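# Remarks on the overall topology
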Amino acid sequence: MKNFFKVSLFLVALLFVSGIASAQTVKIAHVNTAEVLDAMPDKSKAEKKLEAYYNELQEQLKTMYTEYQNKLQDYQSNAETMSNLVKQSKEKELVDLESRITAFQGNAEQEFEAKRAELLAPLLEKIQNAINTVGKEKGCTYILDIATGTAVYIGTDAMDVTKDVKAKLGIK
């Protein structure tokens, strides 16, 4: 029994050592790109431009809303004295203005996000270039971004098993 234990222990140790010797060394690192971005001096410049753009959009929306409120108030205070044709015209004008305001709000949100992406793109590119350089210098196989949960660097020695997985699933 004692010999069986020694032989088993020896085999386990042998398998462990041979597994280590044949395994490729994988070096995984992590980065917090949100922290890096927040620390970049150019981010505050981008934020100021974004804030100015936001204020511009808000001012336009406020102007449209004021126009709507004025027309609505005019309609409500004069509705009793208006002819049906004038009433219908004013109601259509109010509905059209409501639609324009709603459309403007939706477009403004999209434009704001596009502006944000445009202003942050050069900063994110600088961060990605720095990550690539550090990954190569440190010999990393992968660098994971803890802010987004994604791999932001994949080294040249990383193994892509996509084809193997597809093959196992019978997918071409």
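Above this note sits the structure.
## Re the packing of helix α3 (residues 41-78) against helix α4 (residues 84-138)
- Look at α3 against α4: their axes get within 10 Å of each other, and the N-to-C directions meet at 180°. Between α3 and α4, the crossing angle belongs to the class labelled roughly antiparallel.
- The residue makeup of the contact of α3 with α4, split by class, is 20 nonpolar, 2 polar and 16 charged.

## A look at the nonpolar core
- Core analysis: the biggest nonpolar cluster contains 18 residues, and Leu123, Ile131 and Ile143 have the highest contact counts within it.
- Those elements giving two or more residues to this core turn out to be α3, α4 and β3 (150-154).
- Per element, the largest residue contribution to this core is 7 residues, and it comes from α4.
- Beyond its immediate sequence surroundings of up to four residues, Ile131 is in contact with Val31, Thr33, Ile143, Val152 and Tyr153.
- By size, the runner-up hydrophobic cluster in this structure holds 9 residues, among which are Met64, Tyr68, Met82 and Leu94.

## Re the environment of Gly139
- Within the fold, Gly139 resides in the loop between α4 and β2 (142-145).
- Taking the relative accessible area as the measure of exposure, Gly139 reaches 42% and is therefore partly exposed.

## Notes on the packing of aromatic side chains
- Inspection of every chain in the model, using the stated rule, returns 2 aromatic pairs.
- It is Lys115 that lies over the ring of Tyr53; its NZ or CZ is 5.5 Å from the centre.

Criteria and cut-off values
Residues numbered from 1 in each chain as written. Predicted model: local features only at pLDDT ≥ 70, side-chain atom pairs only at ≥ 80, totals over all residues. Heavy atoms only, no water. Axes fitted to C-alpha atoms, helices over the stretch in contact; angles between N-to-C directions. Helix = DSSP H or I, 4+ residues; strand = E, 2+ residues; numbered from the N terminus. Parallel < 35°, antiparallel > 145°, perpendicular 65-115°, else oblique. Nonpolar A, V, L, I, M, F, W, Y, C, P; charged D, E, K, R; others polar. Core = buried A, V, L, I, M, F, W, Y, C linked by side-chain atoms within 4.5 Å. Buried < 20%, exposed > 50% of the residue type's maximum accessible area, 1.4 Å probe, protein only. Contact = heavy atoms within 4.5 Å. Phe/Tyr/Trp six-rings, centres within 6.5 Å; stacked < 30°, edge-to-face > 60°. Lys NZ or Arg CZ within 6 Å of the ring centre and 35° of its normal.

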